[in-house]
Amino acid sequence: MTSQSKTAESRGVAQLTIAMVLSGTLGVFVVESGASPFDVVFFRVVFGALALGGYVVARGWLRDHGFTPRTLGLAVLGGVFIVFNWVFLFQSYENTSISVATVVYHTQPFYLVLLGALLFRERLTAAKVGWIAVAFAGLILVSGVTPADFTSGGTYLTGVGQALLAALLYGLSTLVTKRITGVRPHLIALVQVLVGIPLLLPFADFGAMAGTGWDWGWLVGLGFIHTGVMYVLMYAAYAKLPTSKIAVLAFVYPAVAMVMDWAVYGHHIGLVQALGVPLIVLASLKVTLAKQSPRTVMTRKPSAPAPAAPQPR
């Protein structure tokens, strides 16, 4: 590796680390805004579209954008999945906690493997099945769900289910998005947030937002920081880093989210729950970094990066 490539990789590590740290603060912005999940996502896509749109225009990327009717349709479909993925994730914050929701949400790589096998007949090895089983054993521990939760119902069990559904939608968005070629990830992300505006408009409660006051700052932050700045940093980093480093650095996100949840709200997972975290992390790395066939290799993000294709959080 030349000194120039080493410098570029070091810059990529710094960029992705900052992006993942920002991603880890997302839950606090969502909760502190005080808005409903649908309102939060609606204004995230509005302010996010302004941020990404401004960046794309400034770089002159609207000219020769590379979209075809097919790839534009795929970007729109991916946008539907990613927008509702955010809605369910933010609902999960309310019903569980930022820590639990974020760790459960990190079952995304396993959904990608399962969906690839189900929808595209991609090869599912015994090793991958084994690591997926390990991950879901970790999931059971982290979730803290007991048999009593299944008989009594309740919001906590609902929240865990919402985080799992969010991860599934993220996986679907990634599978769709990775089939788009010849288009900058920034433009794909811009289309996806633009799709969210008319999609969520019927669900937005503008009356409830009338008394939001200074809490608007949290919503603006979600758009400009967590959708504008964060995406730009992520996409820049993906171009400089190998899949292995992207996969490892991706876990900065849940680590920071758990620290923020403890520091701001005093929430922390119990000892038994904590035992599940390394199981999910190890299994995720094994599955993500496993040797894949050319068809299953995902060019990292940005909706996403190499291990999980173009898709930001």
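Everything discussed here concerns the structure shown above.
This is a predicted model, so every value here is computed, not measured.

**Student:** Help me understand the side chain of Gln15, please; the structure alone is not making it clear to me.
**Tutor:** Here Gln15 is to be found in helix 1 (residues 3-24). Contact partners of Gln15, with chain neighbours within four places excluded, come to Leu233, Ala236, Ala237 and Lys240.

**Student:** When you look at the environment of Gly24 in this model, what are you seeing that I'm missing?
**Tutor:** Counting through the fold element by element, Gly24 comes out in helix 1. On the basis of relative accessible area, Gly24 is assigned to the buried category, the value being 1%. With 74 residues separating them along the chain, Gly24 and Ile98 place their C-alpha atoms 9.5 Å apart.

**Student:** Explanation requested: the packing of helix 1 against helix 12 (residues 216-238) in the structure shown.
**Tutor:** Two elements in contact, helix 1 and helix 12, have axes separated by 8 Å at closest approach and are oriented at 150°. Relative to helix 12, helix 1 is oriented roughly antiparallel. For the pair helix 1 and helix 12, the sense of crossing is left-handed. On helix 12, the residues that touch Gly12, Gln15, Leu16, Ile18, Ala19, Met20, Leu22 and Ser23 of helix 1 are Ile225, His226, Val229, Met230, Leu233, Met234, Ala236, Ala237 and Tyr238. When the residues that make up the contact of helix 1 with helix 12 are grouped by side-chain class, the tally is 13 nonpolar, four polar and no charged.

**Student:** Help me understand the packing of aromatic side chains, please; the structure alone is not making it clear to me.
**Tutor:** Here the distance between the centres and the angle between the planes together describe a pair of aromatic rings. Counting across every chain of the model gives 14 aromatic pairs. Summarising the aromatic geometry, the rings of Phe43 and Phe206 are spaced 6.2 Å apart at their centres and angled 85° between planes, so their arrangement reads as edge-to-face. One end of the pair, Phe43, is in helix 3 (residues 37-59); the other, Phe206, is in helix 11 (residues 206-209), with 163 residues separating them in the sequence. A residue is classified by how much of its surface remains accessible, and Phe43, at 8% relative accessible area, is buried.

**Student:** What is the right way to look at the pattern of salt bridges in this model?
**Tutor:** Where charged atoms from two side chains of opposite charge come close, those side chains can pair. Within the structure shown, the criterion is met by one salt bridge. Two residues, Lys245 and Glu9, come together in a salt bridge whose shortest N-O distance is 2.3 Å. Pair noted here: Lys245 is in helix 13 (residues 243-249) and Glu9 is in helix 1, with a separation of 236 residues, a long-range link. Note on Lys245: relative accessible area 34%, which makes it partly exposed. The buried category is assigned to Glu9, whose relative accessible area is 12%.

About the cut-offs
- Residues numbered from 1 in each chain as written.
- Predicted model: local features only at pLDDT ≥ 70, side-chain atom pairs only at ≥ 80, totals over all residues.
- Heavy atoms only, no water.
- Helix = DSSP H or I, 4+ residues; strand = E, 2+ residues; numbered from the N terminus.
- Contact = heavy atoms within 4.5 Å.
- Buried < 20%, exposed > 50% of the residue type's maximum accessible area, 1.4 Å probe, protein only.
- Axes fitted to C-alpha atoms, helices over the stretch in contact; angles between N-to-C directions.
- Parallel < 35°, antiparallel > 145°, perpendicular 65-115°, else oblique.
- Left-handed = near helix turned anticlockwise from the far one by under 90°.
- Nonpolar A, V, L, I, M, F, W, Y, C, P; charged D, E, K, R; others polar.
- Phe/Tyr/Trp six-rings, centres within 6.5 Å; stacked < 30°, edge-to-face > 60°.
- Salt bridge = Lys/Arg side-chain N within 4 Å of Asp/Glu carboxyl O.

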